[in-house]
Structures are given as C-alpha cells and as structure tokens.
Amino acid sequence: MGTMDDLFFLVKTGRVSNFKAFFGNMIGLNLLADFNEKGLSEVVGKFKGKRDAFSAIIEYVRRTIQNPEEQILFIAHSNREEAALMLSDMIKKEFSPKELIINDVGMHCGANIGP
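Residues numbered from 1 in each chain as written. Predicted model: local features only at pLDDT ≥ 70, side-chain atom pairs only at ≥ 80, totals over all residues. Heavy atoms only, no water.

K.L.:
Just give me the short version of the pattern of salt bridges, but keep the residues and values in it.
P.N.:
Going through the model one piece at a time under the given rule, you end up with two salt bridges. Here E59 makes a salt bridge to R62, at a shortest N to O gap of 2.5 Å. With a gap of three residues between them, E59 and R62 both fall in helix α3 (residues 50-64), about one helical turn apart. For E59, a relative accessible area of 34% corresponds to the partly exposed category. One salt bridge connects R62 with E94, and the closest N-O pair in it is separated by 2.2 Å. With R62 in helix α3 and E94 in helix α4 (residues 81-95), this pair connects stretches of sequence that are 32 residues apart. (Salt bridge = Lys/Arg side-chain N within 4 Å of Asp/Glu carboxyl O. Helix = DSSP H or I, 4+ residues; strand = E, 2+ residues; numbered from the N terminus. Buried < 20%, exposed > 50% of the residue type's maximum accessible area, 1.4 Å probe, protein only.)

K.L.:
Account for the environment of S78, with residues named and values stated.
P.N.:
Assignment of secondary structure puts S78 in the loop between β4 (72-77) and α4. When the C-alpha atoms of S78 and F23 are compared, they prove to be 23 Å apart, with 55 residues separating the residues in sequence.

Just distances and angles here, no functional claims.
Below is the structure:
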C-alpha cells in the first residue's frame, strides 16, 4: 500500500481524468491505495498533504500488523528517498520493527506511479 502525490501519472494509465488530477494536485491531494483480494489496486483513502497521508499509513499498519517487533518491514519509493526516510522514522518510533528496509521500486513500477 502507499501514497500517490502526483496524480498526473494516474491520468496516463487511465485511472483518473485530467480534471480530477489538476484539481487534486492543486489542493495537495494524496491518494492512499492498497491491493484488494483480487490483486487490483484500489483507493482506501484521500488525504491533503504528505503528513496526513503518512499518519493514515501509520494507522493502517497499526490495524494490520501482528507482533511488529518481530517483523521485517519494507518501504519502497519511486525517487522519493526523503519521504521514505520520513515515513521510516515514523514507523520506527511507533512500532520498533525487527528491521526496516528502504529501497526504490525502479522503472517497472515507476512507469505507472511516477518518478
């Protein structure tokens, strides 16, 4: 699961209209998406600003994680290392996982979600 902070890459894949992307970007809208039971990506929340989106991620992890101190968590980013480090700090503070790995997703995913 994760956030999208540039909605124009969703326009290129046909998931939102130019109109929605323009106004969403103008107000700083961040979509939070996850994969459903069919393996398809679906929006699970809409937040204004990165801080609110990251707080929603923390809450989502809180609801879904079991034994966080025994877990190895993985944060992937598409050329947004600074944001990944900020989220990493929040996760470490809140959950104290066994290990937290940060890596980039590369061009195969970046083509759909942006650089």
